[in-house]
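# Analysis of the macromolecular model
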Amino acid sequence: MIKARPAAVLFDMDGLLLDTERLIRDAIIAVMADFGFAMGGADYAELIGRPEPASRVIMRSRFGTGLDYDAMRAQVRLRIRSEWGPIRPLKPGAAALLAQVNAAGIPAAVVTSSEQALARAHLGHAGLLDGFATIVGCDDGANGKPHPEPYSTAAARLGIAPGAALALEDSHNGIIAAHAAGVPVIMVPDLLPATPEIRLRLLAVAADLHQVGRWLVAAG
């Protein structure tokens, strides 16, 4: 499903490289219950792939001004830290795919809705940081996903045309961002399915990162 060798591979992080969306979702839902708010998986789905400022707006709109968002996020961070420490689990095939891309001499970048420093810390603990030529965090520009700016920024930093790159995403917001930037994108679903509307923006849907690796081999 990859027709030609890409000039670069642009990886999302949470839910794509790191198996973090479930632990973040479960922590937020649990803390919100402690704060007296009933939050479900559908509420969390609205936040997937969005940067923190956008998530703040959505949560306050959904749960009202009675929610102390900053206090809630602080408790979420404490909960995750106490349960997981600094290490975040990898998605199946993440390390192998990055090693494959590096060995092929294809530049790799991370395009994430997390802050730059947080992304570097998590990727460093996971042993992946040195495999990336650049990292674009949500604080590296004026607009986060689903705006195309993060992907346009990554392509510009690598000195390539967006259309020559390949993006790998798990979230609808990330797919919208990559597609709008002109980057061909493959979805590797995590918490969200490949809906008919999203499929219109996709090069393909992969079962996992191992399948992406096989497609890259076939593309040469």
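Numbering of residues starts from 1 in each chain and follows the order in which that chain's sequence is written. In keeping with the model being predicted, local features are shown solely for residues with a pLDDT of at least 70 and side-chain atom pairs are shown and tallied solely at 80 or more, while totals for entire chains, interfaces and linings include all residues. Computation of side-chain values covers all heavy atoms of the structure but excludes hydrogens and water.

### A word on the packing of helix α3 (residues 52-63) against helix α4 (residues 69-84)
For helices, the fitted line uses only the C-alpha atoms of the stretch in contact; every axis is such a line through C-alpha atoms, and the angle between N-to-C directions lies from 0 to 180 degrees. Per the convention used, a helix needs a DSSP run of H or I reaching at least four residues, while a strand needs a run of E reaching at least two, with both numbered from the N terminus. Remark: α3 packs on α4, axes separated minimally by 11 Å, with the N-to-C direction vectors making an angle of 120°. Considering their axes alone, α3 and α4 lie oblique with respect to each other. For the pair α3 and α4, the sense of crossing is right-handed. Counted together, Glu-52, Ser-55, Arg-56, Met-59 and Arg-60 of α3 and Tyr-69, Asp-70, Met-72 and Arg-73 of α4 form the full contact between these two elements. Residues belonging to the contact of α3 with α4 are distributed by class as follows: 3 nonpolar, 1 polar and 5 charged. These descriptions rest on fixed angle ranges, namely under 35 degrees for roughly parallel, over 145 for roughly antiparallel, 65 to 115 for roughly perpendicular, and the rest for oblique. Crossing handedness is read from the near helix: turned anticlockwise from the far helix by less than a right angle, it gives a left-handed crossing, and turned clockwise, a right-handed one. Should any heavy atoms of two residues lie within 4.5 Å, those residues are considered in contact. When residue character is reported, Ala, Val, Leu, Ile, Met, Phe, Trp, Tyr, Cys and Pro are called nonpolar, Asp, Glu, Lys and Arg charged, and the others, Gly included, polar.

### Focus: the pattern of salt bridges
Take a side-chain nitrogen of Lys or Arg and a carboxyl oxygen of Asp or Glu: if they are within 4 Å of each other, that pair is a salt bridge. By the definition in use, this model includes 13 salt bridges. Here Glu-197 and Arg-201 are joined by a salt bridge, their closest N and O atoms 3.9 Å apart. A residue is classified by how much of its surface remains accessible, and Glu-197, at 55% relative accessible area, is exposed. Through salt bridges with shared partners, a single network forms among Asp-19, Arg-22, Lys-91 and Asp-190. Partly exposed residues are those whose accessible area sits between 20% and 50% of the maximum for their type, while under 20% is buried and over 50% is exposed, using a 1.4 Å probe and protein chains only.

### Concerning the side chain of Glu-21
Note that Glu-21 resides in helix α1 (residues 21-34). This count recognises Lys and Arg as positive and Asp and Glu as negative, with His and chain-terminal groups excluded. Of the side chains bearing the opposite charge, Arg-25 lies closest to the buried Glu-21, which forms no salt bridge; the N-O distance is 8.1 Å. Each polar contact in these results corresponds to two N or O atoms within 3.5 Å; when the atoms are within protein, one needs to be able to donate a hydrogen and the other to accept it, and residues that are neighboring in sequence are counted only if both atoms are side-chain atoms. Separated by 2.5 Å, the side chains of Glu-21 and Tyr-44 make a polar contact. Beyond its immediate sequence surroundings of up to four residues, Glu-21 is in contact with Asp-14, Gly-15, Tyr-44, Ile-48, Gly-49, Asp-170, Asp-190 and Leu-191.

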